[in-house]
Amino acid sequence: MLVFWRALSLFLLLMPTMILQAAETDAGMEDFHAGVEAFEAGDLSAAKQRFQSAADAGLASPSLFYNLGVVCYQLGDYVAAESAFRALLDGSNGALASYNLGLVALAREAPVEARHWFEQASSEKAPDKVRTLARAQLNKLADGVPPSAGQPSIRGYLGISGGYDSNIAGLPEDTVSSEGGGFLEALAAGTFERPVGTRSRIALDAAAYSREHPSDDEYDTQVLQGRITWSETLAAGERGALVSLVKSWFDSQSLETRSGIEGFYRWRQCPLPAAPDQCGISLAAATVNGGSGFEAYDGQWYRARLHGLKYLGSWRFDGEYSLEINDRRDLRTADEFVSVSPTHHTLKVASRYRWQPDLALGATGSVRHSRYQDDHQLVTAAGESGRREDNRLEIGLLVERSLDSRWLVRGEWLVRNTRSSLSQYEYQRQTLMLTLEGAF
């Protein structure tokens, strides 16, 4: 991180006049000047609060967004820093903003994204001093020596959620209930990453998830996951591979044990329409062993996934297509047969608007078509027989507010509607959820 601080300090020296310049409007000027005084006094938290108040009052000068970004960066609030610097991209300070966004990406240990921003800041149209600094950073990345090279890192995540679900069936996915109720969720994850050589890294990941239903523990679920990932930074992007082991429980009974492998490649300049800022592809395969009573889920699982990311001002757009193939044992009895081997085609889109540096609004949507390998054969009146095909539509809205550099709170509303060729598998589902999330 020492290189980051030195680079940022150098860059601050390039713009002494920006601290003194002000927008023509008087809105928020008192908070802006108070923020400058707090910054010069070394009280970064007070400076951030004052700069944010100036923005809330309608002040929109480049100097405000620049200084707000610098303060948030130094406080480690990289989400807010990125939002502030992005507000400068379309103006005369675009090269300056790109350089600082590169520093933010490096601080988040995203060298591929950092390279993208430094390349923009090193264009011939950029000011000489900015271009020189950006090219120096590109040379370090080209040498495979990012500022954190040689130093292992440890990261953690904790999410705690609560809410209401109108259809509390969880795992397995083919289970459908008509019961609604409250739920509590918790997700904890940690990563240990260590550089190997000049361009490669090895990461160890572990995650634990639990969803509890106080009104009916029959639908409680738990998942444990472990992964080992190798990745390498290349001139054109990043490639890597991982092995994983996942264990899940449903109603306190072992549901699945899944062991798999995955390979991925991410481009920093995407050869796709609309020129996404990031895109990638991944291929994965796994062997699945069902627990006692869930032997029908024994078999293989395969997935291919394409994803892309595009920034437009304060907007972020994500898109993903995935093909998932299941080849399971299926459920067979003397008189009946139920397929649990679907092929899924899923398209997901998401948009997020950074309304304020610490407040974001978003929307999500997905459609999924599923076709099962073989016809269902039922001899009871409990359901229809025939080939099962499902079409699922899901939409969601969210609002997210950063509490500080580590914690945020998010509210979500999700609606899911599934139509099936077999009526017993049709259902609707609505979920309201409030989440407290922290990254360390």
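What counts as what
Residues numbered from 1 in each chain as written. Predicted model: local features only at pLDDT ≥ 70, side-chain atom pairs only at ≥ 80, totals over all residues. Heavy atoms only, no water. Helix = DSSP H or I, 4+ residues; strand = E, 2+ residues; numbered from the N terminus. Buried < 20%, exposed > 50% of the residue type's maximum accessible area, 1.4 Å probe, protein only. Contact = heavy atoms within 4.5 Å. Areas by Shrake-Rupley, 256 points an atom, 1.4 Å probe, with all protein chains shown as cover. Core = buried A, V, L, I, M, F, W, Y, C linked by side-chain atoms within 4.5 Å. Pairing = 2+ DSSP bridges. pLDDT = per-residue confidence, 0-100. Salt bridge = Lys/Arg side-chain N within 4 Å of Asp/Glu carboxyl O. Patch = residues over 30% accessible without salt bridge, like charges linked within 9 Å, V, L, I, M, F, W, Y side chains within 5 Å. Lys, Arg positive; Asp, Glu negative; His and termini not counted. Charge placed at Lys NZ, Arg CZ, Asp CG, Glu CD. Phe/Tyr/Trp six-rings, centres within 6.5 Å; stacked < 30°, edge-to-face > 60°. Lys NZ or Arg CZ within 6 Å of the ring centre and 35° of its normal. Expected span 1.5 Å × (residues − 1).

### What to know about the overall build of the protein
Here is step 1: Each helix and strand counted, the protein has nine helices and 16 strands in total.
Here is step 2: Expressed as a percentage of its 440 residues, the buried residues of the protein come to 44%.
Here is step 3: Long-range contacts, defined as pairs at least 24 residues apart, comprise 56% of the intrachain contacts of the protein with a sequence gap of at least 6.
Here is step 4: Within the structure as shown, the protein displays about 21600 Å² of accessible surface, and the carbon and sulfur contribution to it stands at 57%.

### A few points about the nonpolar core
Here is step 1: By size, the foremost hydrophobic cluster in this structure holds 44 residues, and its most contacted members are Phe32, Phe51, Tyr73, Phe85, Tyr99 and Phe118.
Here is step 2: Sorting the residues of this core by element identifies helix H3 (29-40), helix H4 (44-56), helix H5 (62-74), helix H6 (78-86), helix H7 (94-107), helix H8 (111-121) and helix H9 (128-142) as the ones contributing at least two each.
Here is step 3: Every residue in contact with Phe51, bar those within four places of it in the chain, is listed here: Phe32, Gly35, Val36, Leu64, Asn67, Leu68 and Val71.
Here is step 4: Tyr219, Phe294, Tyr297 and Val340 belong to the second-largest nonpolar core, a separate cluster that totals eight residues.

### Notes on the pairing of strand S4 (residues 221-233)
Here is step 1: Here twelve bridges tie strand S3 (residues 200-212) to S4, and the two strands are oriented antiparallel to one another. In the sheet register, Ala208 faces S4, and the bridge partner there is Leu224.
Here is step 2: One ladder, built from 13 bridges, connects S4 with strand S5 (residues 237-250); its direction is antiparallel. Its bridge partner being in S5, Ser231 is matched across the sheet by Gly240.

### Re the confidence of the model for the protein
Here is step 1: Of the residues in the protein, 89% reach a pLDDT of 70 or more, and the chain-wide mean stands at 84.
Here is step 2: For the stretch residues 1-25, pLDDT sits under 50, and the model shows 50 contacts to residues farther than four places along the chain or on other chains.

### Let's talk about the pattern of salt bridges
Here is step 1: Throughout the structure, instances matching the rule amount to 26 salt bridges.
Here is step 2: Between Glu256 and Arg328 there is a salt bridge, with the nearest N and O atoms lying 3.1 Å from each other. Of the two residues, Glu256 sits in strand S6 (residues 253-267) while Arg328 sits in strand S9 (residues 315-328), which places them 72 residues apart along the sequence.

### Description of unusual backbone geometry
Here is step 1: Residues other than glycine seldom take positive phi values, yet Ser252 does so here, at roughly 65°.
Here is step 2: Phi is positive for Asp330, which is not a glycine, with a value near 70°.
Here is step 3: Among the secondary structure elements, Asp330 is positioned in the loop between S9 and strand S10 (331-332).
Here is step 4: Assessed through its relative accessible area of 5%, Asp330 is described here as buried.

### Examining the side chain of Glu82
Here is step 1: Tracing the backbone through its elements, the reader meets Glu82 in helix H6.
Here is step 2: Excluding residues within four positions of it along the chain, Glu82 makes contact with Leu101, Val104, Arg108, Glu113 and Tyr311.

### Examining a negative patch on the surface
Here is step 1: There is a patch of like negative charges on the surface, built from Glu179, Glu212, Asp217 and Glu218.
Here is step 2: Looking at the element boundaries, Glu218 is found in the loop between S3 and S4.
Here is step 3: Under the relative-accessibility criterion, Glu218 is labelled partly exposed at 39%.

### Here's the deal with the pairing of S6
Here is step 1: Here 14 bridges tie S5 to S6, and the two strands are oriented antiparallel to one another. In the strand pairing of S6, Ser248 is matched with Glu256.
Here is step 2: In sequence, S5 turns back onto S6 through a hairpin of two residues, with Asp251 there showing a positive phi of about 55°.

### Focus on the environment of Ala274
Here is step 1: Positionally, Ala274 belongs in the loop between S6 and strand S7 (278-290).
Here is step 2: Judged by its relative accessible area of 66%, Ala274 is exposed.
Here is step 3: Sequence separation between Ala274 and Lys310 is 36 residues; the distance between their C-alpha atoms is 8.5 Å.

### With respect to the packing of aromatic side chains
Here is step 1: Scanning the entire structure with this criterion turns up ten aromatic pairs.
Here is step 2: Here Tyr265 and Trp267 contribute two aromatic rings whose centre-to-centre distance is 4.9 Å and whose plane-to-plane angle is 55°, an arrangement assigned as tilted.
Here is step 3: Given a relative accessible area of 30%, Trp267 falls into the partly exposed group.
Here is step 4: Every member of this aromatic cluster is reached through a ring pair, and the members are Trp315, Phe317 and Tyr353.
Here is step 5: Note that Arg258 overlies the ring of Trp301, its terminal NZ or CZ placed 5.0 Å from the centroid.
Here is step 6: Cation over ring: Arg388 sits above Tyr425, and NZ or CZ is 3.7 Å from the ring centre.

### What to know about the environment of Pro195
Here is step 1: On the secondary structure map, Pro195 appears in strand S2 (residues 181-196).
Here is step 2: In this structure, the C-alpha to C-alpha distance between Pro195 and Trp230, residues 35 residues apart in sequence, is 9.7 Å.

### A few points about H3
Here is step 1: In this model H3 runs 17 Å from its N-terminal to its C-terminal C-alpha over twelve residues, within 8% of the 16 Å that 1.5 Å per residue would give.
Here is step 2: Here H3 has its buried residues at Met29, Asp31, Phe32, Ala34, Gly35, Val36 and Ala38.
Here is step 3: Directly after H3, the chain includes Gly42, whose backbone phi takes a positive value near 85°.

### With respect to a nonpolar patch on the surface
Here is step 1: Taken together, the side chains of Ile154, Phe192, Val196, Ile202, Leu204, Ile228, Trp230, Val243 and Ile261 make up a nonpolar region of the molecular surface, amounting to roughly 800 Å² of accessible area.
Here is step 2: Those elements giving two or more residues to the nonpolar patch turn out to be S2, S3 and S4.
Here is step 3: Within the secondary structure layout, Ile261 lies in strand S6.

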